[in-house]
Amino acid sequence: QVHLVESGGGLVQPGGSLRLSCATSGFTLDYYAIGWFRQAPGKEREGLACISSNYGTKYYTDSAKGRFAISRDNTKSTVDLQINNLKADDTAVYYCAAQGFFEPQQLCLIRPGAIDHWGQGTQVTVSS
């Protein structure tokens, strides 16, 4: 029933910025966490930034600290990821994920295979 749709990816030059958006629907639980993950070719999927549905508490992994910012807009049911000073190593497919009764830190650090709900992903390519 949970539906997640990512958008905002594309081709960006190094040093540029990008804002990704995750549109959410179909939640039946009162408390859940929503997060952004990425997977580069040949690498494992990794958590970046996660946020709670109620109080808006946030958690950033080491890969995301400094240049990434997660935010929510409850009126539009969206969760955005702002990425600044993009680097070539940021090239990956970026996914939105959600899990009921999870804290943001728990969602970002858990094995991705254990997460129930995923979007289809949006491609981010950083190249000059």
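Refer to the structure presented above.
Residues numbered from 1 in each chain as written. Predicted model: local features only at pLDDT ≥ 70, side-chain atom pairs only at ≥ 80, totals over all residues. Heavy atoms only, no water.

Examining the layout of surface pockets
Piece 1. The space that makes up the largest pocket amounts to roughly 150 Å³.
Piece 2. Contributing to the lining of the largest pocket are 14 residues, with Thr24, Tyr32, Ile34, Asn74 and Ser77 lying nearest its centre.
Piece 3. Listing elements by their share of the lining of the largest pocket, those giving two or more residues are strand 3 (18–25), strand 4 (32–39), strand 5 (46–52), strand 7 (68–73) and strand 8 (78–83).
Piece 4. Classifying every residue of the lining of the largest pocket gives five nonpolar, seven polar and two charged. (1 Å grid on protein atoms, 1.4 Å probe; cavity = no way out; pocket = protein on both sides within 12 Å on 5 of 7 lines; lining within 4 Å. Points joined across faces, edges and corners; volume = space filled by probe spheres on them. Helix = DSSP H or I, 4+ residues; strand = E, 2+ residues; numbered from the N terminus. Nonpolar A, V, L, I, M, F, W, Y, C, P; charged D, E, K, R; others polar.)

Let's talk about the side chain of threonine 78
Piece 1. Residue placement: threonine 78 occurs in strand 8.
Piece 2. What makes threonine 78 buried here is its relative accessible area of 13%.
Piece 3. Those residues within four positions of threonine 78 in sequence are excluded, and the remaining contacts are Ser21, Cys22, Ala23, Ser71, Arg72 and Asp73. (Buried < 20%, exposed > 50% of the residue type's maximum accessible area, 1.4 Å probe, protein only. Contact = heavy atoms within 4.5 Å.)

Description of the nonpolar core
Piece 1. If you look at the biggest cluster of nonpolar residues, it comprises 25 residues, and the most contacted ones within it are Leu20, Trp36, Leu81 and Tyr94.
Piece 2. When residues of this core are traced back to their parent elements, those giving at least two are strand 3, strand 4, strand 5, strand 7, strand 8, strand 9 (92–100) and strand 11 (122–126).
Piece 3. When residues in this core are grouped by element, the largest group, four residues, is from strand 9. (Core = buried A, V, L, I, M, F, W, Y, C linked by side-chain atoms within 4.5 Å.)

So, the sheet that holds strand 7
Piece 1. Here four strands make up an open sheet; going across it, the order is 1-3-8-7 and the pairing antiparallel. Where the open sheet ends on each side, the last strands, each with one partner, are strand 1 (3–7) and strand 7. Along the sheet, successive strands turn relative to each other by an average axial angle of 20°, direction set aside.
Piece 2. Pairing between strand 3 and strand 8: six bridges, direction antiparallel. Note on strand 8: the bridge partner recorded for leucine 20 is leucine 81. (Pairing = 2+ DSSP bridges. Axes fitted to C-alpha atoms, helices over the stretch in contact; angles between N-to-C directions.)

As far as function goes, none of this settles anything; it's purely spatial.
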